[in-house]
Amino acid sequence: MKKPVVLVVMDGVGETPNELGNMVMQATTPTLDELKANDPFRIIKAHGTAVGLPSDDDMGNSEVGHNALGCGQIYSQGAKLVNESIESGKIYASEAWKDLVSGVRNNGSTLHFIGLLSDGNVHSNISHLLAMLKQAKSEGISRVRCHILLDGRDVPATSALEYVAQLEAALKDLNDATFDGRIASGGGRMQITMDRYQANWGMVERGWNTHVHGEGRQFASAAEAIEAFRAELSVIDQDLPAFVIAENGSPVGRVCDGDSVILYNFRGDRAIEISMAFDNEDFDCFDRGARPDVVYAGMLQYDGDLKLPKRFLVNPPEIRDTLSELLVNAGLKQYAISETQKYGHVTYFWNGNKS
């Protein structure tokens, strides 16, 4: 029969007997009730090992959910992919890591880490940053700067100080006469750096100026910045403004010629635009000012079609035979639609991280 098939992704609708906070159970849902009663129906898992995450304690998210729905297969994704690479040491044997480290050693320069500072396992995991800091010191890197993006979205809304304390403690343990590691800048993930789908280039520009040029309101420490902004603005972590750590009026961690930069987020959608700013010669989405000559790498290659970024530490999952590919090869037409902020979910993610 020549009839359309409609596949609806009901983002946020789940099945659980728990009543607390369960808006689906409390709502009037005649259509869902009828479908469950009269049509083929089964529950599928959208979290944990069912979608390639490290354990069933890991909640699902837009990327892994749409990847899995779009391909109908299980691939190691995100945190699990990076965990495996760190545990095996494969990440440190990559050409990208060797380029980053040798560049800093040869130039006597700084290794910078930019990324979301939490253990939410959706865009990043602080454990990956801590592992790379230890490895950097063991390979003779003497100066490291961390540019932290505050979460409050995939983790509790005001938990930033816990992660800052964890990072500061790790840096204190590493710091000695041969190693100087510090937090250099930061801000909330919905204020700087982590825009997606080119919806707000101003966010990325603010992040670039904060991390790269050291421009912004200055504080003595990240904790001081967070506490000051909370007192002034009463906002959650993801909405905290940008800040710069300074000594005697000078930023402690500008990005300079000869430095190396790692974006340690593993999820692609909110990593693409800042990668474009570092990688693309013909970039015109905002004025980068004096663009430093650096070696830049992402945790993964965030877009396989755009080859972005050029250097990356962990090979992304090679997702093959997605639903879109199968439909195209069968000569069937398809039409994907969503709200503007999520169009990449039913195209880029759905198609196995291909634009």
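On a predicted model such as this, the values are computed, not experimentally measured, just so you know. (Residues numbered from 1 in each chain as written. Predicted model: local features only at pLDDT ≥ 70, side-chain atom pairs only at ≥ 80, totals over all residues. Heavy atoms only, no water.)

Some points on the overall build of the protein
Each helix and strand counted, the protein has 11 helices and 9 strands in total. A globule of 355 residues ought to have a C-alpha radius of gyration of about 20 Å, and the protein, at 22 Å, matches this closely. Taking all 355 residues of the protein together, the buried fraction comes to 48%. Put simply, the protein has 33 plus and 48 minus side-chain charges, and the middle of one group is 3 Å from the middle of the other. (Helix = DSSP H or I, 4+ residues; strand = E, 2+ residues; numbered from the N terminus. Rg over C-alpha atoms; globule rule 2.2 N^0.38 Å. Buried < 20%, exposed > 50% of the residue type's maximum accessible area, 1.4 Å probe, protein only. Lys, Arg positive; Asp, Glu negative; His and termini not counted. Charge placed at Lys NZ, Arg CZ, Asp CG, Glu CD.)

Regarding the packing of aromatic side chains
Enumeration over the complete set of coordinates arrives at 10 aromatic pairs. Relative to Tyr-343, the ring of Tyr-197 lies with its centre 5.1 Å away and its plane at 50 degrees, an arrangement referred to as tilted. Residue Tyr-197 is located in the loop between strand 3 (180-188) and helix 8 (201-211), and its partner Tyr-343 is located in the segment after helix 11 (323-329); the two are separated by 146 residues in the primary sequence. Overall, the relative accessible area of 43% leaves Tyr-343 in the partly exposed class. Cluster of aromatic residues (ring-pair linked, three or more members): Trp-201, Trp-208, Phe-278, Phe-283, Phe-286 and Tyr-296. (Phe/Tyr/Trp six-rings, centres within 6.5 Å; stacked < 30°, edge-to-face > 60°.)

As for the pattern of salt bridges
Applying the stated criterion across every chain, the model contains 16 salt bridges. The shortest N-O distance in the salt bridge between Lys-137 and Asp-176 comes to 2.7 Å. Separated by 39 residues along the polypeptide, Lys-137 in helix 6 (residues 126-138) and Asp-176 in the loop between helix 7 (160-174) and strand 3 bring together distant segments of the chain. The structure contains a network of salt bridges with shared partners spanning Arg-143, Arg-145 and Asp-180. (Salt bridge = Lys/Arg side-chain N within 4 Å of Asp/Glu carboxyl O.)

So, the environment of Leu-129
With respect to the secondary-structure elements, Leu-129 resides in helix 6. Classification of Leu-129 by relative accessible area gives buried; the value is 0%. Distance from Leu-129 to Gly-115, taken between C-alpha atoms, is 8.6 Å for residues 14 residues apart in sequence. If we skip the residues at most four places from it in the chain, Leu-129 touches Phe-113, Leu-117, Cys-146, Leu-167 and Tyr-264. (Contact = heavy atoms within 4.5 Å.)

Observations regarding the pairing of strand 2 (residues 143-150)
A regular strand places its side chains so that they alternate between the two faces of the sheet. Extensive coverage of strand 2 is indicated by the burial of 7 of its 8 residues. Looking at chain direction, strand 1 (residues 111-116) and strand 2 are connected through 6 bridges and run parallel. Across the sheet, Phe-113 pairs through a bridge with Cys-146, a residue of strand 2. With helix 6 bridging strand 1 and its parallel neighbour strand 2, the resulting β-α-β unit is right-handed. Taken together, the 8 bridges between strand 2 and strand 3 define a ladder with parallel strand orientation. Across the sheet, Leu-149 pairs through a bridge with Gly-187, a residue of strand 3. Viewed along the sheet, the connection from strand 2 through helix 7 into strand 3 turns out right-handed. (Pairing = 2+ DSSP bridges. Right-handed = clockwise from strand over helix to strand, strands pointing away.)

Considering the side chain of Ser-62
Position of Ser-62 among the secondary structure elements: in helix 3 (residues 62-71). Only 3.2 Å separates the side chain of Ser-62 from the side chain of His-345, close enough to count as a polar contact. (Polar contact = N/O pair within 3.5 Å; in protein donor to acceptor, adjacent residues only side chain to side chain.)

With respect to the nonpolar core
By size, the foremost hydrophobic cluster in this structure holds 82 residues, and its most contacted members are Leu-133, Ile-148, Leu-167, Met-299 and Leu-313. Counting residues per element, this core draws most heavily on helix 7, at 7 residues. With residues near it in sequence (within four places) discarded, Leu-133 still touches Phe-113, Val-144, Cys-146, Leu-167, Leu-171, Leu-174 and Phe-179. (Core = buried A, V, L, I, M, F, W, Y, C linked by side-chain atoms within 4.5 Å.)

Focus on the side chain of Asp-237
Mapped onto the secondary structure, Asp-237 falls in the loop between helix 9 (222-233) and strand 5 (243-247). Residues within four places of Asp-237 in sequence aside, it is in contact with Leu-150, Asp-151, Gly-152, Pro-156, Ala-157, Thr-158, Ser-159, Ala-160, Gly-188 and Arg-230.

What to know about the environment of Leu-53
Tracing the backbone through its elements, the reader meets Leu-53 in the loop between helix 2 (30-38) and helix 3. Spatially, the C-alpha atom of Leu-53 lies 23 Å from that of Val-8, the residues being 45 residues apart in sequence. Apart from the residues lying within four places of it in its own chain, the contact partners of Leu-53 are Gly-48, Asp-58, Met-59, Gly-60, Val-64, Gln-77 and Lys-80.

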